[in-house]
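Structural overview for review
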Amino acid sequence: ENHVGGLILFASNVSGKAQVARLTADLQATARQGGGPGLLISAIDQEGGVVARLTERDGVTVFPGNMALGAAAAGAAGKAKGEDLTHRAASVTGSELKALGLNLNLAPVLDVNNNPANPVIGVRSFGEDPDLVSRLGLAALKGYHEAGVAAAAKHFPGHGDTATDSHFDLPTVPWGIDRLNQIELPPFRKAVAAGVDAVLVAHVTFPAIEPRPGVPASLSGAVLGGLLRHDLGFEGVIITDAIEMKAVSDRYTTPQIVQMALGGGADVILVGQDPPRAKAAYQAILAAVNEGKLSRQDLDASVRRVLRLKARLGLLPEAAGVGTTGAGGAALGAGAGGTAD
């Protein structure tokens with residue numbers, strides 16, 4: 001009914017590797033019954049360390065978290081070792097995800113964790129040095145790609161220097177653009193240059209980029225279409241952070257979120273664990289297009305970006321192309337909560 005193009009698995013969806021493999025296979029078979037593309041299926045945040053939805057009890061390998069890998073890479077002697085360990089960890093993680101039918105990992109975390117009061121990033125970051133985060137981020141990206149799994153760098157433009165968790169409130173990174181270019185942005189610039197598949201955008205305000213008070217990066221055309229698309233030259237898939245997070249859900253309605261995010265340049269509106277909100281997002285896209293509040297041309301461009309990613313992952317029917325979608329329901333479902341085509 002809602003042209004679902006992508007799904008996320010949380011720990012509550014998982015009860016062992018055999019069950020996950022059956023579930024993803026059944027989901028793909030169901031999605032393809034109508035001749036359409038396969039699904040992007042993510043085990044959200046399979047980062048390693050403290051954030052992993054699939055764990056050892058499910059029969060997968062969970063490696064030390066990013067900050068442990070960053071510590072291994074500290075100093076001249078550890079530089080090559082840390083990069084190698086990070087690459088190998090991502091390669092094994094990606095290989096195991098792919099074997100279970102998961103083709104997208106919302107990782108690596110490229111936030112520079114330079115605020116000791118940060119309640120949500122912390123050990124999920126490789127560290128407080130932008131060069132270290134950049135190097136290990138690229139090593140992880142290489143490992144995921146070699147395994148045949150798509151990667152999504154997060155949380156653009158950077159969630160490391162906040163003292164607020166965007167799950168519960170709206171954080172702000174108050175620094176000017178020169179400081180952002182020195183600290184927060186280098187890891188993302190290098191990931192974009194290296195061909196990262198997707199970028200997940202944070203519910204964090206950046207007054208130096210988006211001057212409107214209370215407008216987070218995830219809903220800002222200045223951030224999405226300006227900084228990320230134009231300035232960094234990113235041509236892949238832009239994903240919002242989950243829209244049920246209070247940073248946006250306490251301030252904006254679902255139709256407002258859809259219009260601002262997709263109108264600003266996002267390709268996918270992410271809904272984590274709220275199916276009614278996902279359906280509402282899809283309906284909001286339909287209404288916004290019919291009312292002229294969203295451009296069908298812009299949504300077609302989003303669909304093409306998503307289909308290019310699916311083509312690289314082998315998810316398109318052999319006869320399918322990646323041109324404009326025309327007037328079909330696929331175009332109108334471009335970003336509906338967890339859905340992507």
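Below is a summary of the structure that appears in this document.

Criteria and cut-off values
Residues numbered from 1 in each chain as written. Predicted model: local features only at pLDDT ≥ 70, side-chain atom pairs only at ≥ 80, totals over all residues. Heavy atoms only, no water. Helix = DSSP H or I, 4+ residues; strand = E, 2+ residues; numbered from the N terminus. Rg over C-alpha atoms; globule rule 2.2 N^0.38 Å. Buried < 20%, exposed > 50% of the residue type's maximum accessible area, 1.4 Å probe, protein only. Contact = heavy atoms within 4.5 Å. Areas by Shrake-Rupley, 256 points an atom, 1.4 Å probe, with all protein chains shown as cover. Expected span 1.5 Å × (residues − 1). Polar contact = N/O pair within 3.5 Å; in protein donor to acceptor, adjacent residues only side chain to side chain. Pairing = 2+ DSSP bridges. Right-handed = clockwise from strand over helix to strand, strands pointing away. 1 Å grid on protein atoms, 1.4 Å probe; cavity = no way out; pocket = protein on both sides within 12 Å on 5 of 7 lines; lining within 4 Å. Points joined across faces, edges and corners; volume = space filled by probe spheres on them. Nonpolar A, V, L, I, M, F, W, Y, C, P; charged D, E, K, R; others polar. Phe/Tyr/Trp six-rings, centres within 6.5 Å; stacked < 30°, edge-to-face > 60°. Axes fitted to C-alpha atoms, helices over the stretch in contact; angles between N-to-C directions. Parallel < 35°, antiparallel > 145°, perpendicular 65-115°, else oblique. Left-handed = near helix turned anticlockwise from the far one by under 90°.

Looking at the overall build of the protein chain
When helices and strands are tallied, the protein chain shows 12 helices and six strands. Relative to the compact-globule value of 20 Å for 341 residues, the protein chain shows a C-alpha radius of gyration of 19 Å, a close match. Projecting the C-alpha coordinates of the protein chain onto the three principal axes gives extents of approximately 55 × 50 × 30 Å. When each of the 341 residues of the protein chain is scored for burial, the buried share is 56%. For the protein chain, restricting intrachain contacts to residue pairs at least 6 apart in sequence, the fraction spanning at least 24 positions comes to 75%. Taken as a whole, the protein chain presents about 13,400 Å² of accessible surface, with 54% of it coming from carbon and sulfur.

Some words on helix α11 (residues 296-312)
In a regular helix each residue adds 1.5 Å, so 17 residues correspond to 24 Å; α11 covers 24 Å between its end C-alpha atoms and thus fits that length. All of the buried residues in α11 are L299, D300, A301, S302, V303, R305, V306, L307, L309 and K310. Of the residues flanking the start of α11, the one acting as N-cap is S295, its side-chain oxygen 3.1 Å from the backbone nitrogen of Q297. Where α11 terminates, the next one or two residues include G314, which has phi positive at roughly 75°.

A short note on the pairing of strand β1 (residues 6-9)
The sheet contact formed by β1 and strand β2 (residues 40-43) spans four bridges and is parallel. Across the sheet, the residue bridging to G6 is L40, located in β2. With helix α1 (residues 17-32) bridging β1 and its parallel neighbour β2, the resulting β-α-β unit is right-handed.

Comments concerning helix α4 (residues 130-147)
Spanning 18 residues, α4 covers 26 Å between terminal C-alpha atoms, matching the ideal 26 Å at 1.5 Å per step. Among the 18 residues in α4, 13 count as buried, and that is most of the element. Between the side-chain oxygen at the start of α4 and the backbone nitrogen of D131 there is a gap of 3.1 Å, and the oxygen is on D129. Looking one or two residues beyond α4, the residue adopting positive phi is G148, at roughly 85°.

Quick look at empty space enclosed by the protein
Inspection of the entire model under this criterion finds three cavities of 30 Å³ or more. Its boundaries defined by the atoms lining it, the second largest cavity holds a volume of some 130 Å³. Mapped by element, the contributors of at least two residues to the lining of the second largest cavity are α2 (66-72), α3 (75-99) and α4. No other element matches the four residues that α3 contributes to the lining of the second largest cavity. For the lining of the second largest cavity, the per-class residue count stands at 11 nonpolar, four polar and one charged.

Section: the packing of aromatic side chains
Per the counting criterion, the structure on display carries one aromatic pair. Ring geometry for F156 and F188: centres 5.2 Å apart, planes at 85°, overall edge-to-face. Residue F156 is located in strand β4 (residues 150-156), and its partner F188 is located in helix α6 (residues 186-193); the two are separated by 32 residues in the primary sequence.

Some words on the packing of helix α9 (residues 254-264) against helix α10 (residues 275-290)
Where α9 meets α10, the axes come as close as 9 Å, and the angle between the chain directions of the two elements is 60°. By the angle class used here, α9 and α10 are oblique. Regarding α9 and α10, the two cross each other, and that crossing is right-handed. From α9, T254, P255, V258, Q259 and L262 reach across to α10, where they touch R277, A280, A281, A284, I285 and A288. Here the residues of the contact of α9 with α10 are counted per class, giving eight nonpolar, two polar and one charged.

Some points on the side chain of E184
Within the element layout of this structure, E184 appears in the loop between α5 (177-182) and α6. Look at E184 and you get buried, because its relative accessible area is 3%. A distance of 3.3 Å separates a polar atom in the side chain of E184 from a polar atom in the side chain of R179. With sequence-adjacent residues up to four places away left out, E184 is seen in contact with N114, P157, G158, D161, V173, W175 and R179.

Things to note about unusual backbone geometry
Cis peptide bonds are those with omega within 30 degrees of zero, and the linkage from K154 to H155 qualifies with 0°. Mapped onto the secondary structure, H155 falls in strand β4. P157 follows F156 through a cis peptide bond whose omega is -5°. Mapped onto the elements, P157 comes out in the loop between β4 and α5. Of note, H3 is a non-glycine position whose phi angle comes to about 50°, a positive value. Its place among the elements puts H3 in the segment before β1.

Regarding the pairing of strand β5 (residues 198-201)
Moving residue by residue along a regular strand, the side chains alternate between the two faces of the sheet. What you see with β5 is no split at all: A198 and L200 on one side and V199 and V201 on the other are buried throughout. Of the pairings in the sheet, the one linking β4 to β5 comprises three bridges and is parallel in character. Bridge pairing in β5 links F156 to V201. Pairing of β5 with strand β6 (residues 237-240) involves four bridges; the strand directions are parallel.

Scope: geometric values only; no functional claims are made or implied.
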